[in-house]
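Each chain is listed here by its residues.
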Amino acid sequence: MKGKFISIEGIEGAGKSTQMSVISEYLDTHQIPHIITREPGGTPLAEEIREILLKPRQSGMHIDTELLLMFAARAEHLNTKILPALNAGQWVISDRFIDATFAYQGGGRGVTEQRIQMLADWTLQGLMPDLTLLFDLPVATGQQRVHQRAAALDRFEQEKIEFFEKIRHCYLQRAKQAPDRLHVIDASASLISVGTAVRAALDKLRLT
């Protein structure tokens, strides 16, 4: 039986890493084999591309370069890690996937949805997550969390607050367009409340 594919999305500071542990613990409890991965990254080659994308630089990276590097990392990740795991019956939980590209490169950078969709159609081979958990919170709250935890900010974390406002707006618009797949969770709530919402979403997916 093919495994389930879950992606985790949200702006910086939304608490995705904490909830990845909650998800993994839930799947262990229900004896569901799974892997945890991330984008950009997830494989040795894709992690090298991630380093290029996140490393702060004195000069800006062209948006087309950024977009293509994201999809280059995704193609490697998809074909060498995600698809083999799913075909082996494992569940895959990925910290970010295609929605992040629409939000960050689309909403944030201004790349047209048509251009992103063209690359998605080519790269994803029709694969979409069975469930996407979108951890949503005000940008100001997310930025406060990021600056409290990080000794050094990466290239995306250094962007201005307007950049993240656009990203959040795009995420919420995508959630309205695909409510059956994209489940919005209030990430500004307590950790207990967020964890409860995550487990409820996983219960629903597990029983389908």
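The text that follows walks through the structure, step by step, so that each part is easy to find.

What counts and how
- Residues numbered from 1 in each chain as written.
- Predicted model: local features only at pLDDT ≥ 70, side-chain atom pairs only at ≥ 80, totals over all residues.
- Heavy atoms only, no water.
- Helix = DSSP H or I, 4+ residues; strand = E, 2+ residues; numbered from the N terminus.
- Rg over C-alpha atoms; globule rule 2.2 N^0.38 Å.
- Pairing = 2+ DSSP bridges.
- Axes fitted to C-alpha atoms, helices over the stretch in contact; angles between N-to-C directions.
- Phe/Tyr/Trp six-rings, centres within 6.5 Å; stacked < 30°, edge-to-face > 60°.
- Buried < 20%, exposed > 50% of the residue type's maximum accessible area, 1.4 Å probe, protein only.
- Salt bridge = Lys/Arg side-chain N within 4 Å of Asp/Glu carboxyl O.
- Core = buried A, V, L, I, M, F, W, Y, C linked by side-chain atoms within 4.5 Å.
- Contact = heavy atoms within 4.5 Å.

### A few points about the overall build of the chain
Next up, step 1: Each helix and strand counted, the chain has 8 helices and 5 strands in total.
Next up, step 2: Ordered by position from the N terminus, the helices and strands of the chain form the series β-α-β-α-α-β-α-α-β-α-α-β-α.
Next up, step 3: Scaling as 2.2 N^0.38, a compact globule of 208 residues should have a C-alpha radius of gyration of about 17 Å, and the chain matches this with 16 Å.
Next up, step 4: Overall, the chain is about 50 × 40 × 35 Å in size when its C-alpha atoms are taken along their principal axes.

### Observations concerning the sheet that holds strand β3 (residues 91-95)
Next up, step 1: Spatially, 5 strands are ordered β2-β3-β1-β4-β5 in an open sheet, and the strand pairing comes out parallel. The open sheet has two free edges, formed respectively by β2 (34-38) and β5 (182-186), since each of these has just one partner strand. Each adjacent strand pair in this sheet contributes to an overall mean axis angle of 20°, direction not counted.
Next up, step 2: Here β2 runs beside β3; their pairing, made up of 5 bridges, is parallel.

### Topic: the packing of aromatic side chains
Next up, step 1: Evaluated as defined, the whole model comprises 4 aromatic pairs.
Next up, step 2: Ring geometry for F5 versus F97: centroids 4.9 Å apart, planes at 80°, classification edge-to-face. Here the residue F5 occupies a position in strand β1 (residues 5-10), and F97 occupies one in the loop between β3 and α4 (98-108), the gap between them amounting to 92 residues.
Next up, step 3: Consider the rings of F163 and F164, whose centres lie 5.2 Å apart with planes at 80°: the pair is edge-to-face.
Next up, step 4: A relative accessible area of 0% means that F164 is categorised as buried.

### Details of the pairing of β3
Next up, step 1: Most of β3 sits out of view: 5 of its 5 residues are buried.
Next up, step 2: Going residue by residue along β3, you find W91, I93 and D95 tucked away on one face and V92 and S94 tucked away on the opposite face as well.
Next up, step 3: Inspection of the sheet shows β1 paired to β3 by 4 bridges, in the parallel sense. From the neighbouring strand, S7 faces β3, where its bridge partner is S94.

### Section: the pattern of salt bridges
Next up, step 1: Enumeration over the complete set of coordinates arrives at 13 salt bridges.
Next up, step 2: The residue E66 makes a salt bridge to R109 at a minimum N-O spacing of 3.0 Å. Taken as a pair, E66 in helix α3 (residues 63-87) and R109 in the loop between α4 and α5 (113-124) lie far apart in primary sequence, 43 residues in all.
Next up, step 3: On the accessibility criterion, E66 (1% relative accessible area) is buried.

### A closer look at the nonpolar core
Next up, step 1: One finds L133, F135 and V198 to be the most contacted residues of the largest nonpolar core, which totals 44 residues.
Next up, step 2: Looking at this core element by element, the count peaks at 6 residues for helix α7 (residues 161-177).
Next up, step 3: In this structure F135 touches I8, E9, G10, I11, A14, K16, Q19, I185, A187, V194 and V198, once residues within four positions along its chain are discounted.
Next up, step 4: I35, A85, I116 and L119 belong to the second-largest nonpolar core, a separate cluster that totals 19 residues.

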